[in-house]
Every structure is written in C-alpha cells, then in structure tokens.
Amino acid sequence: THTHTHRWSKMTFPGWILALLSCLVALKANWCYLPPTAVNTTLRLFQLRASMKPNISAYIIPATDAHLSEYIAPRDARLAWMTGFTGSAGTAVVTQDKAVLWTDSRYWVQAERQMDCNWALERDVSITSITNWLIREVNEGDQVGIDPFLFSVDTFAAYNTKLAPAKRILTSITDNLVDKIWAERPPLPPDNLTRLPDDFIERTWQNKVDQIRGQMMDNPYNPTALLLSALDETAWLFNLRGNDIPFNPFFYSYTLLTFDKIWLFVHTERVTEELRTYLNSSCSDSYCVQLLQYDSVRSHLMKYLEEAGVRVWVGTEYTNQALYELITPEEKLLESTYSPVLTTKAVKDQTERKILKAAHIRDAVAVMQLLHHLERSVPEGRETELTAAEFVNECRSKQQYSRGPSFETISASGPNAALAHYSPSSETSRKLSVDEMYLVDSGGQYLDGTTDITRTVHWGKPTDRQKEAFTRVLMGNIEISRTIFPAGTRGVNIEMLGRRALWEVGLNYGHGTGHGVGNYFGVHEWPVGFQSNNIPFQEGMFTSIGRADHLLGCEAFLKLRVVSLINNLGEKFIQQHWIKINLLLWLDSYYQDIRNIVGPELKSQGLTEIHDWMMKNTEPFLKDGSSAVVSSISLLLLLLPVSLL
C-alpha cells in the first residue's frame, strides 16, 4: 500500500486530472477495481496517443527486443512500462479510445493485478485474435503502426497476411513511439565486453569464422554475406560475453560476415583496447573485425546491398523485419529458418562438453546443500519460498566460476507450484510446510557452463494422486533417457515417450518436454529440443528433459545420457508397482553415478555432512536381486543433469 500511495503522490496536476477522467469513464462503462499493485498508465497512454496522431490508428507493442530475445533488458521492457504488466509473454494494442493486452493463461491473474482501468485483458495470444480485433476497431485504409525492429520476419508476415486483405495497412515506424515518451527509460549498462578465458575455448574466433565461411562456400545458393541478429550468435562467434541482458551473458550486437570482411556492430565505447587487439580491429583484412556503431547496422546493410552480385543469408527465426525488409530485390536474399551459426553452435565441441559437465557437478553441490537445508528447516517452520530461493542462489554464488543465476529462481509451494513461471516476492512468498509439495526450478551461470534443474519434494505424506503424478513424470524422464535412436532423429518424434506414462491415466503437462542449454549462454538455447521447429539431434547436443529438467547429452548412435546429478525429496514418493524392474535398475545406476561423480566433489569442498546425507539417500532400490523396497526416507533423485553426452 505504501508503494501504491507513493507512486500516485508523484503525479503532476495534469496527471491527476487525466487519471480522474479515466476513472470516471471506467465507472460509467463498468465498475473497475484497482488493486494496489496496479500501475497508473493514464498519462503514458495520453502521450502515446498524441504521438500516433494524425496517421496511426493503432499501435502494436510486443514484449521483445530488436534481437527477438526471450529475456530482455529493462530498457526494452516497453510492454511492461506501457501496461504495468511484467509477464514475459504478451502483446498490447493501443488505439485512440482503447487499450488491450493479449496474454496466455499463465499470466491472466498477474495481468489483472498489475493493469489499471485503462486496459482490457484478452485471454488469448494468437495473432488471429489480435488481427480480428484490429479489423473490428480500425477502419479500412487506416494504418496500424509497428516498430519493425521488434517483429520477426514470420510474425510480420502473419500480421500482414490477415490485415492486408482487410485493407488495414501495417506500417513500419523505425523510431519506436514508446521510446519517444519514455522519459526515464533505463540507460545502456556501462559494463565493457569480456572474452572467455582460453581454458574454456577449443575453437578460436578465427576457427569459427573459417567454419562458418566454409558453410557459406558450400551453400549451393551462393551467399556472399551472412547477417547475424540473435545476441548469442555474435557472442558465440567471437567468444565474447557481456552484461546487457538479465541472467544472460549477452551484449547488444549484430554481425555482417563476408568472405573477406567482418563487420561487428556494437556500442564501440565498451570495447576495451585489449579486446580491440584480440579482434584485430585496427585492420580491414579477412580476419580483422571492423567495429561499427550498433545503430549503424541498417544503413551499413543498405550500403552493402547496393553492390552488384551480393546475396545476404539470414536465419528468419531471429532476423527482425527492420533489417529483412531492406534486402531487396529477392535475388539478394537467402533464407533459412536458422543461421549456420545457430546450428553449428548447437553441437558442442569436446572442450565445451567436458566443461559443461564440470559445471553441472559443482551446481549439483549447491542444490544438494539446499535440499539438505530444507529437510531440517521446513519441519521447524522457519522457511519460506523466498528464503529458499535466496539460499540456493547463495550456495551457487560460492561455487567456482559462478556468474549468478541463469534465470529467476522458481521456488513454489502448494498451489504456487502449479504455476509455470512463478517466482516468489516479499508480497507472495508462502511458508514451506511438511504438508505440501514444494518445487524448486533454478539454474546457474558459470564461466564453463549454464545449468537448469527442477526438483519436486515433499517432507510429509504426499497423496496417492501426487505420488502417481510424480512417478509417471519420472517414468517418462527415464524412458527418454534410456532410448537409443539414430543420429538425425527429431526430438518431436520421441517426445511422446516422455508423456506416455501420463497419457495412460489421462494426465499431461502443458509445456514443452525440453530445451537446449548453453555453455555460459542462454538457459533456453535454441534450436535444440523436442519441439516441431527444433533441429534433429546430433552427437554433441545437450537438452533438458521433462518436468525434472534433467540435462541430457547426445552420444553417437544416439543415446541421451544424464548429466544432472541432484536428488529429489519425497517420502515414499515412488509408486513402485507402476515402475518396471528395468527402470529401477536405471535409477540404481543413476544413483551410483551420483555417488561416484558428485561424492568426490563434496569431499573436496569439505562438505562431509552433505556427503553423508547424499550417500544415505542414494541407497539402491534393488538389493541382492530382491524386489525393490522403497525406503520410508525421502526419495532423493540426486540428478546430475541428464545431458546429450
């Protein structure tokens, strides 16, 4: 309440008048309850609508940045600033008399809590829903404005396909209208770019440039240049990292690579003299990285396209419309879903595989410390969702090469554990209880790897339904982990193995089965995984799997091998009669891996108590060939992430 009062007290007199008028209009149309968590957007909407006049009848505001990133910097959170809604997925549309937000079911309650009376909520995320609304609200011949930097090629086409036949004109406005009125927009972070330590690099940036140029040379459509727009593409190519995006070691950048030139578009003032030497930036030969200002990418691309005989290769998944629309005529364009950098990066070299596993071993220690701590503190009634999240973050921060969390820790108990992306705050944090399930989904960034691990625990007596759901999710994880399949198999073709045990009793989960994980990169690394738009599995790829977020590594002829080694807690949580003996054998083998791999690491860090606790909770299920007996103590799936090794 204090925060709410303070926010409104800072309003100017005109702002108060506009707010009063807004509420009067809202009261006349329909009673609108304004919770204390809502943000007053009246003045912002007034200013945006003024900037839209006289030509723009509607303006679309997506929730991404110019690189179509999953995680965005505070200065790119335009949707949040305009609406008050801070969820990660959504699209807003503003006309002269209406303001509407579209988002999915994960965020409906959050949106209602955060938006004021100016906004209406549409419980949908489809482009069809948005375009149908626009066709109803906007007249024929009117312009619908967008910032083309915030629209992918495919998203722009999807909007245009619906709006153009209805004679609503989708209009690119490269100067973002929200930025024009956002007086206190956060500045660019001051942090300089950094390079990866040599110990963590097998391929120099020159090696990688050769590798990508080789693929350009082999392409039968003869591209002369490759345009890189996704932030992880440039970071990977040059073995560089930054601090522009929360939880992700990326920096604002584009790259234009030809056979004899390399142009890197960055905020050049943040490139140190040491890095300039590292990049050979003082020359202009084929292995010299010429540094150009970040904002000059559009003009430089236009200049390059004026040359005769050029053809620019783009990956449409991460190229924004602002750059794509410049590449004309069609003969100068070569498209693929993903750039060769993304598909090459997806297959990790031997050094990357080795150090990623090492990062997961240290990460397992941190999560074991959390589970051991909770086993004692929860029954005493002195633990909350927030304190548990802070504890595991602190444990990770003490591990070697730690660079912070890889995403905001999801620490959720009881009903909150059913929310896909819930993170506790001082207002929402619940006390942990022995009578409720608890889920912790967390990860760490390390110089040698990125981790993502989920564990579900119960310190009391879970219900039969909870035990069945847990067991069947585990069965799906094991089923995929022990499946052997040929190289080139698509994840979508084996994804159902992870769901089959749930389907048998009419259960399912409403999210993807897995995603790629990087080496000190994004925790969701495209294009590896189990979705229809992911690329086929090859040796050297890594993916998470299932609700437990085990990390898996691909071996030749291929088998997904577990790399995550951390245990789950839950008294008698496995319903043994549903699990075949061969799956219990898999669990016993996995537990032995935990003992053999994480055990020495625990000892080397002097964590004797955690080591003894781990050994106690990884006793084999099958002893002396007898049928399995599930211990009455907690099930500890001490899972080093399951990786495609």
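Residues numbered from 1 in each chain as written. Predicted model: local features only at pLDDT ≥ 70, side-chain atom pairs only at ≥ 80, totals over all residues. Heavy atoms only, no water.

Student: How should the overall build of the chain be read in this particular structure?
Tutor: Broken down by element type, the chain carries 20 helices and 26 strands. The buried share among the 645 residues of the chain stands at 57%. At a minimum sequence separation of 6, the contacts of the chain that also span at least 24 residues come to 72%. Here the chain displays about 27,000 Å² of accessible surface, and carbon together with sulfur accounts for 52% of that area. (Helix = DSSP H or I, 4+ residues; strand = E, 2+ residues; numbered from the N terminus. Buried < 20%, exposed > 50% of the residue type's maximum accessible area, 1.4 Å probe, protein only. Contact = heavy atoms within 4.5 Å. Areas by Shrake-Rupley, 256 points an atom, 1.4 Å probe, with all protein chains shown as cover.)

Student: Just checking my understanding: could you explain the packing of helix α19 (residues 581-604) against helix α20 (residues 608-616) for this structure?
Tutor: Between two packed helices, the angle of one axis relative to the other and the distance separating the axes together describe the packing. Packing of α19 against α20 leaves a shortest axis separation of 9 Å and a crossing angle of 165 degrees. Put simply, α19 runs roughly antiparallel to α20. Between α19 and α20 the crossing geometry is left-handed. Two secondary-structure elements touch here, α19 through I594, R595, G599, L602 and K603 and α20 through I610, H611, M614 and M615. (Axes fitted to C-alpha atoms, helices over the stretch in contact; angles between N-to-C directions. Parallel < 35°, antiparallel > 145°, perpendicular 65-115°, else oblique. Left-handed = near helix turned anticlockwise from the far one by under 90°.)

Student: Just checking my understanding: could you explain unusual backbone geometry for this structure?
Tutor: Trans is the common state for peptide bonds, and a negative phi is the common state for residues other than glycine. Residues K53 and P54 are joined by a peptide bond in cis, for which omega reads 0 degrees. Mapped onto the secondary structure, P54 falls in the loop between α3 (42-52) and β1 (56-62). Note that the residue after T328, namely P329, is joined by a cis bond; omega there is -5 degrees. Relative to the assigned elements, P329 resides in the loop between α13 (321-324) and β14 (333-336). Residue N222 is not a glycine yet carries a positive backbone phi of 55 degrees. By the secondary structure assignment, N222 is in the loop between α9 (205-218) and β8 (225-228).

Student: Hey, could you run me through the sheet that holds β1 in this one?
Tutor: Strand pairing in a sheet takes place through backbone hydrogen bonds and is either antiparallel or parallel in direction. Reading across from one edge, β4-β3-β2-β1-β5-β6 is the order of the 6 strands in this open sheet, with mixed pairing throughout. At either end of the open sheet lies a strand with only one pairing partner, and these are β4 (120-122) and β6 (169-172). In this sheet, adjacent strand axes meet at a mean angle of 25 degrees when their direction is disregarded. Pairing geometry for β1 and strand β2 (residues 91-95), over 5 bridges, is antiparallel. From the neighbouring strand, I60 faces β2, where its bridge partner is V93. The strands that helix α7 (residues 153-163) touches are β1, β2, β5 (143-146) and β6; relative to β6, the one it contacts most, it runs at about 145 degrees. (Pairing = 2+ DSSP bridges.)

Student: Help me out: how do you make sense of the environment of F521 in this one?
Tutor: Relative to the helices and strands, F521 resides in the loop between β21 (515-516) and β22 (525-529). In this view, F521 contacts D232, A235, W236, R241, N248, P249, F250, K345, Q445 and T450; residues no more than four positions away in its chain are not counted.

Student: Where do I start with the pattern of salt bridges in this structure?
Tutor: Opposite charge on two side chains permits them to pair, given that their charged atoms come into close proximity. Across all of its chains, the model carries 28 salt bridges by this definition. Here E525 makes a salt bridge to K348, at a shortest N to O gap of 3.1 Å. One end of the pair, E525, is in strand β22; the other, K348, is in the loop between α14 (340-345) and α15 (350-377), with 177 residues separating them in the sequence. Assessed through its relative accessible area of 5%, E525 is described here as buried. (Salt bridge = Lys/Arg side-chain N within 4 Å of Asp/Glu carboxyl O.)

Student: Would you explain the nonpolar core in this entry?
Tutor: Note on soluble globular proteins: their nonpolar side chains tend to be buried together. Counting 55 residues, the largest nonpolar core has F238, L279 and V312 as its most contacted members. Beyond its immediate chain neighbours, meaning those up to four positions away, V312 contacts A225, L227, L301, Y304, L305, I327, K332, L333 and L334. In terms of nonpolar packing, the next biggest core, distinct from the first, is built from 38 residues, A364, V365, L371 and M475 among them. (Core = buried A, V, L, I, M, F, W, Y, C linked by side-chain atoms within 4.5 Å.)

Student: It is not clear to me how the sheet that holds strand β15 (residues 402-405) should be interpreted in this structure. Could you clarify?
Tutor: The antiparallel open sheet is built from 3 strands, whose spatial order is β15-β18-β19. Both outer strands of the open sheet, β15 and β19 (449-450), are each paired with one neighbouring strand and no more. Pairing between β15 and strand β18 (residues 444-446): 2 bridges, direction antiparallel. Looking at β18, one finds that S402 is bridged to Y446.

Student: What should I look at first to understand the pairing of strand β12 (residues 289-293) in this one?
Tutor: As paired strands, strand β11 (residues 262-266) and β12 are joined by 5 bridges and run parallel to one another. Its bridge partner lying in β12, I262 is registered against V289. A crossover connection joins β11 to the parallel β12 through helix α11 (residues 273-278); in handedness this β-α-β unit is right-handed. (Right-handed = clockwise from strand over helix to strand, strands pointing away.)

Student: Honestly, the packing of aromatic side chains in this entry has me stumped. Any pointers?
Tutor: Each aromatic ring pair is specified by the distance between its two centres and by the angle formed by the two planes. Using the criterion set out here, one finds 17 aromatic pairs in the structure. Between W263 and Y304 the ring centres are 6.2 Å apart and the planes differ by 65 degrees, which places this aromatic pair in the edge-to-face class. Placement of the pair is W263 in strand β11 and Y304 in helix α12 (residues 297-305), with a sequence separation of 41 residues. Like W263, the residue Y304 is buried in the burial classification. (Phe/Tyr/Trp six-rings, centres within 6.5 Å; stacked < 30°, edge-to-face > 60°.)

Student: What am I meant to see in the side chain of T450 here?
Tutor: Tracing the backbone through its elements, the reader meets T450 in strand β19. Among the polar contacts listed, one links the side chain of T450 to the backbone nitrogen of Y520, at a separation of 3.0 Å. Once you skip the residues sitting within four places of it in the chain, T450 turns out to touch L356, H360, S406, G444, Q445, V517, G518, N519, Y520, F521, G522 and V523. (Polar contact = N/O pair within 3.5 Å; in protein donor to acceptor, adjacent residues only side chain to side chain.)

Student: In this structure, what is going on with the side chain of T103? I would like to understand it.
Tutor: Inspection of the secondary structure puts T103 in the loop between β3 (99-102) and α5 (108-114). Here T103 is in contact with F85, A89, G90, W108, L121, E122, R123, D124 and V125, once residues within four sequence places are set aside.

Student: Would you mind going over the environment of E394 with me for this structure?
Tutor: Following the sequence through the fold, E394 ends up in helix α16 (residues 385-397). Judged by relative accessible area, which is 42%, E394 ranks as partly exposed.

Student: What should I look at first to understand the packing of helix α6 (residues 127-137) against α7 in this one?
Tutor: It is at 10 Å that the axes of α6 and α7 come closest, and there the two elements cross at 40 degrees. Taken together, α6 and α7 sit at an angle that is classed as oblique. Where α6 crosses over α7, the two elements pack in a sense that is right-handed. For the pair formed by α6 and α7, the contact residues are I127, T128, I130, T131, L134 and I135 on the first element and T155, A158, Y159, K162 and L163 on the second. Counted by class, the contact of α6 with α7 contains 7 nonpolar, 3 polar and 1 charged residues. (Nonpolar A, V, L, I, M, F, W, Y, C, P; charged D, E, K, R; others polar.)

Student: What is the right way to read α19 from this model?
Tutor: An α-helix turns once per 3.6 residues; consequently, residues spaced three or four apart project the same way. In a regular helix each residue adds 1.5 Å, so 24 residues correspond to 34 Å; α19 covers 34 Å between its end C-alpha atoms and thus fits that length. Taken as a whole, α19 carries its principal kink of about 35 degrees at V598; the proline P600 stands between one and four residues after it. Listing the buried residues of α19 in full gives L583, L584, W586, L587, D588, Y590, Y591, I594, R595, V598, G599 and L602. Residue G606 follows α19 closely and has a positive phi angle near 75 degrees. (Expected span 1.5 Å × (residues − 1). Bend = angle between axes of the 7 residues up to and from the residue.)

Student: In this structure, what is going on with the confidence of the model for the chain? I would like to understand it.
Tutor: Low pLDDT marks regions whose predicted coordinates should not be analysed in detail. Scored by pLDDT, the chain has a mean of 89; 87% of the residues are at 70 or more. Below pLDDT 50 for its whole length, residues 26-30 participates in 3 contacts with residues either more than four positions away or in separate chains. (pLDDT = per-residue confidence, 0-100.)

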